[in-house]
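Chain by chain, the residues run as shown.
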Amino acid sequence: MSEKSTTGTRGRPRSFDRTAALEAATRVFWQKGFTAASMTDLCEAMGIGSPSLYAAFGSKEQLYAEAIRHYGERGMPMLTAALESGPTARDGIESFLRCSARSLACPQGPGGCMVVLSAVASEGVTGLGEIVLSERKKSQQLLEARLQRGIKEGDLPRGTNVKALARFYVTVQQGMSIQARDGATPKDLEAIATLAMQAWPGSP
């Protein structure tokens, strides 16, 4: 059920779907970034006035923080499922990259990953940089956990540098995100995934 919020405008309450408004704001931030997204952009996309925005979300910074978390909560389960879908660690990492290729270059979205493309971590926006960095670390942590399981199950040698291997494939995925924003197609990104898997330990 959609969450409804109200705020007074000239003595009359205005109702809106908060979840839909957050989704619209997320798309604006995803496309433009925090700094370039104006309050006018956000209000127009969300279909509400600034009093309603402030009443429901507090501030532009708070709205962005909620949008970043919303984006992560929406996309991370899909990537996690892809990572866990393969019977071996190698299969899981490959599924993770191929799933990323399709989602990052999906024609229905702005292209790329909102978290990876976010610049707030380097812009010194109080509090937001830490949130973005925390979201970025989740992929690293997921891949490390899958690789550790691969060692326990015999998919990988015990001497594998799990942290470095996970960071390598996260770096590939993050690069795919930038490529997608610049217009790369899912086929282009799938080719990158194929090449990246040739770096897997023990590959010929």
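Check the entry above for the structure.
Throughout this document, residue positions are counted from 1 along each chain, in the order its sequence is written. Restriction of local features to residues with pLDDT of at least 70 applies here, the model being predicted, together with a cutoff of 80 or more for giving and counting side-chain atom pairs; totals for whole chains, interfaces and linings are based on all residues. Processing note: side-chain calculations cover all non-hydrogen atoms of the structure and skip hydrogens and water entirely.

Trainee: Please explain the overall build of the protein as it appears in this structure.
Mentor: Assigned secondary structure in the protein consists of 10 helices and two strands. The helix and strand labels rest on DSSP assignments: H or I over at least four residues marks a helix, E over at least two residues marks a strand, and numbering proceeds from the N terminus. Listed N to C, the secondary structure of the protein is β-β-α-α-α-α-α-α-α-α-α-α in terms of helices and strands. Relative to its 204 residues, the protein shows a buried fraction of 44%. Any two residues having at least one pair of non-hydrogen atoms within 4.5 Å are treated as being in contact. Across the protein, contacts joining residues at least 24 apart in sequence account for 64% of those joining residues at least 6 apart. Classification of residues uses two cut-offs on accessible area relative to the type maximum, computed with a 1.4 Å probe and protein chains only: under 20% is buried, over 50% is exposed, and between them is partly exposed.

Trainee: I would appreciate a short explanation of the packing of aromatic side chains in the present structure.
Mentor: The geometry of two aromatic rings is summed up by the distance between their centres and the angle between their planes. Ring geometry is summarised as follows: Phe, Tyr and Trp rings, the Trp one being its six-membered ring, pair when their centres sit within 6.5 Å, and such pairs are stacked at plane angles under 30 degrees, edge-to-face over 60 and tilted between the two. Inspection of the entire model under this criterion finds six aromatic pairs. Taking 4.8 Å as the distance between ring centres and 85° as the angle between the ring planes, the aromatic pair formed by F29 and Y64 counts as edge-to-face. A residue pair is termed long-range when its members are at least 10 positions apart, and F29 in helix α1 (residues 18-36) and Y64 in helix α4 (residues 60-85) qualify at 35 residues. For the ring pair Y169 and W200, a centre distance of 6.0 Å and an interplane angle of 40° mean the geometry is tilted. On the criterion of sequence distance, the pair formed by Y169 in helix α9 (residues 162-181) and W200 in the segment after α10 (186-196) is long-range, its members being 31 residues apart. Looking at W200, the relative accessible area reads 6%, which means it is buried. Stacked on the ring of F34, the Lys or Arg K60 has its end atom at 4.6 Å from the ring centre. Any Lys NZ or Arg CZ found within 6 Å of a ring centre and within 35 degrees of that ring's normal is scored as a charge over the ring.

Trainee: I keep staring at the environment of R158 and nothing clicks. Help me out?
Mentor: Relative to the helices and strands, R158 is located in the loop between α8 (128-152) and α9. Accessibility expressed as a relative area gives 70% for R158, which makes it exposed. Separated by 106 residues in sequence, R158 and S52 have C-alpha atoms that sit 56 Å apart.

Trainee: For this particular structure, what's the right way to read the pattern of salt bridges?
Mentor: Between side chains of opposite charge, a pair can form as their charged atoms come close. What makes a salt bridge here is a side-chain nitrogen of Lys or Arg within 4 Å of a carboxyl oxygen of Asp or Glu, nothing more. All chains considered together, the criterion is met by 11 salt bridges. Linking E23 and R74 is a salt bridge whose minimum nitrogen-to-oxygen distance equals 2.4 Å. Separated by 51 residues along the polypeptide, E23 in helix α1 and R74 in helix α4 bring together distant segments of the chain. A salt bridge links R98 to E190, with the nearest nitrogen and oxygen atoms 2.4 Å apart. Of the two residues, R98 sits in helix α5 (residues 89-104) while E190 sits in helix α10, which places them 92 residues apart along the sequence. Through salt bridges with shared partners, a single network forms among R90, E94, R98, R102 and E190.

Trainee: Before we go on, may I ask you to explain α1 in this structure?
Mentor: Spacing of three or four residues puts side chains on the same side of an α-helix, whose turn is 3.6 residues. Multiply 1.5 Å by the residue count of a helix minus one, and that product is the helix's expected span. The terminal C-alpha atoms of α1, which comprises 19 residues, lie only 23 Å apart, well short of the 27 Å expected from a rise of 1.5 Å per residue. The largest bend in α1 comes to about 80°, at W30. Within α1 the residues assigned to the buried category are R18, A21, L22, A24, A25, T26, V28, F29, W30 and F34. Any pair of nitrogen or oxygen atoms within 3.5 Å is treated as a polar contact; in protein, a donor-acceptor pairing is required on top of that, and neighbouring residues in sequence qualify only through side-chain atoms on both sides. You can read the cap of α1 off the contacts: a side-chain oxygen lies 3.1 Å from the backbone nitrogen of T19, and it is on D17. The reported bend at a residue is simply the angle between two axes, fitted to the 7 residues ending at it and to the 7 residues beginning with it.

Trainee: Explain the layout of surface pockets here, please?
Mentor: One water molecule sets the probe size; rolling that probe over the atoms shows where empty space is left. Space inside and on the surface of the protein is sampled on a 1 Å grid over the protein atoms alone, with a cavity defined as a set of points where a 1.4 Å probe fits but cannot get out and a pocket as an open set with protein on both sides within 12 Å along at least 5 of 7 lines; lining residues have an atom within 4 Å of a point. Grid points are joined across faces, edges and corners, and a volume is the space filled by probe spheres set on the points. Estimated volume of the largest pocket: approximately 430 Å³. Y71, G75, L79, L104 and C113 are, among the 23 residues lining the largest pocket, the residues nearest its centre. Within the residue set of the lining of the largest pocket, elements represented by two or more residues are α4, α5, α6 (114-117), α8 and α9. Broken down by element, the residue count for the lining of the largest pocket peaks at seven residues, all from α4.

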